[in-house]
Amino acid sequence: MILKEIYQEAIFHAIKKGSTVISPDVGAAFEQAIRKESRPAAKEGLQKTLDSIRLSAKLGNPACPDTGWPIFFFKVGNKCQLEGGFMALEEATRNAVARATKAGYLRATMKHPLTGFDPGNNIGMNIPDFTYQFVEGDSIEISYAAKGGGSE
């Protein structure tokens, strides 16, 4: 049995890391682009962007001014036992998103598409988004991503 407290905390840390740290391959791609770029202004722009991203990781600040639409992918083993079941998993995920927003790891950018109402916590109808894949086994794999341009 995987306790709700455990998976909710893991989801929060996935959001925090996803919002503040880029993967090594993305950092390497930036470095390669900087080395190859021949135009001084473009080279400087790439370097400043990479420096800003690295500073965000060091300070624990979001790397982007719009941290996007929170999306979660759950790969769930057929024999996985979650405390509270899938409804509790989605509730824990919403709680983690609201907590990450309040802590500043996500920007409160999700608004109602018609009314413009902003709850200030990135929680709403179909926000965050959940996708499930069921597989053999007794564990769960949780992946977090953010779809850009979520403010309006």
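See the structure shown above.
**Section: the packing of aromatic side chains**
Within the structure shown, the criterion is met by nine aromatic pairs. A ring pair is formed by Phe12 and Tyr105, whose centres lie 6.0 Å apart and whose planes are at 75°; its orientation type is edge-to-face. Of this pair, Phe12 sits in helix H1 (residues 4-20) while Tyr105 sits in the loop between helix H4 (85-103) and strand E2 (129-135), placing them 93 residues apart in sequence. Side by side, Phe12 and Tyr105 carry an identical accessibility label, which is buried. Centroid distance Tyr132 to Phe134: 6.0 Å. Interplanar angle 5°. Geometry classified as stacked. Three or more aromatic residues joined by ring pairs make a cluster, and in this case those are Phe72, Phe74, Phe86, Phe130, Tyr132, Phe134 and Tyr144. Across the ring face of Phe12, the terminal group of Arg99 is positioned such that the distance to the ring centre comes to 3.6 Å.

**Some words on the pattern of salt bridges**
Counted by the stated rule, this structure contains six salt bridges. The closest approach of N and O atoms between Arg39 and Glu37, which form a salt bridge, is 2.9 Å. Of the residues examined, Arg39 reaches a relative accessible area of 53% and is grouped as exposed. By relative accessible area, which is 17% here, Glu37 ends up buried. For Arg94, the salt bridge is made with Glu90, and the minimal N-O distance between the two is 3.8 Å.

**Describing the packing of helix H2 (residues 24-36) against helix H3 (residues 40-59)**
Each pair of packed helices can be described by the angle between their axes along with the distance between the axes. One way to put it is that H2 packs onto H3 with a least axis distance of 9 Å and a crossing angle of 155°. Relative to H3, the element H2 lies roughly antiparallel. In this structure, H2 meets H3 at a crossing whose hand is left-handed. Between H2 and H3, the residues in contact are Gly27, Phe30, Glu31, Ala33, Ile34 and Arg35 and Lys43, Leu46, Gln47, Thr49, Leu50, Ile53 and Arg54, respectively. Looking at the contact of H2 with H3 residue by residue, the class counts come to six nonpolar, three polar and four charged.

**Quick look at the packing of H1 against H4**
At a minimum axis distance of 9 Å, the contact between H1 and H4 shows a crossing angle of 40°. Taken together, H1 and H4 sit at an angle that is classed as oblique. Remark: the crossing between H1 and H4 carries right-handed chirality. Here Lys4, Tyr7, Gln8, Glu9, Ile11, Phe12 and Ile15 of H1 lie close against H4, whose contacting residues are Gly85, Ala88, Leu89, Glu91, Ala92, Thr93, Asn95, Ala96, Val97, Arg99 and Ala100.

**Concerning H3**
Helix length check: H3 (20 residues) gives 28 Å between terminal C-alpha atoms against 28 Å at 1.5 Å per residue, within 8%. Buried within H3 we find Leu50, Ile53 and Ser56. The buried residues of H3 occupy an angular sector of 120° when projected down its axis, which confines them to one face. Facing away from the buried side of H3, by more than 90 degrees, are the exposed residues Pro40, Ala41, Lys48, Lys58 and Leu59. On the buried face of H3, the contacting elements are H1 and H2. With its phi angle positive at about 75°, Gly60 sits one or two positions after the end of H3.

The rules behind each value
Numbering of residues begins from 1 in every chain and follows the order in which that chain's sequence is written. It should be noted that, the model being predicted, local features are given only for residues of pLDDT at least 70 and side-chain atom pairs only at 80 or more, the latter also being counted only at that level, while totals for whole chains, interfaces and linings use all residues. Excluding hydrogens and water, the side-chain values take into account all heavy atoms of the structure. Two rings from Phe, Tyr or Trp (for Trp, the six-membered ring) form a pair when their centres are within 6.5 Å of each other. A pair whose planes differ by under 30 degrees is stacked, one over 60 is edge-to-face, and the rest are tilted. In this description a helix means any DSSP run of H or I spanning at least four residues, a strand means any run of E spanning at least two, and both kinds are numbered starting from the N terminus. For the exposure calls, accessible area comes from a 1.4 Å probe over protein chains only, and a residue counts as buried if that area is under 20% of its type's maximum, exposed if over 50%, partly exposed in between. Charge-over-ring contacts are defined here by two conditions on Lys NZ or Arg CZ: a distance within 6 Å of the ring centre and an angle within 35 degrees of the ring normal. The term salt bridge refers to a pairing of a side-chain nitrogen on Lys or Arg with a carboxyl oxygen on Asp or Glu at a separation within 4 Å. Throughout, an axis means a line fitted to C-alpha atoms (over the contacting stretch in the case of helices), and angles, computed between N-to-C directions, take values from 0 to 180 degrees. Should an angle fall under 35 degrees it is taken as roughly parallel, and over 145 as roughly antiparallel, whereas 65 to 115 is taken as roughly perpendicular and any remaining angle as oblique. By definition, turning the near helix anticlockwise from the far helix through less than a right angle yields a left-handed crossing, and turning it clockwise yields a right-handed one. Note on definitions: a residue-residue contact is assigned when non-hydrogen atoms from the two residues lie within 4.5 Å. Note that Gly is not counted as nonpolar here; it falls among the polar residues with everything else outside the nonpolar set of Ala, Val, Leu, Ile, Met, Phe, Trp, Tyr, Cys and Pro and the charged set of Asp, Glu, Lys and Arg. Under the convention used throughout, the expected extent of a helix is 1.5 Å for every residue step, that is, one less than its residue count. The arc in question is formed by the directions pointing from the helix axis toward the C-beta atoms.

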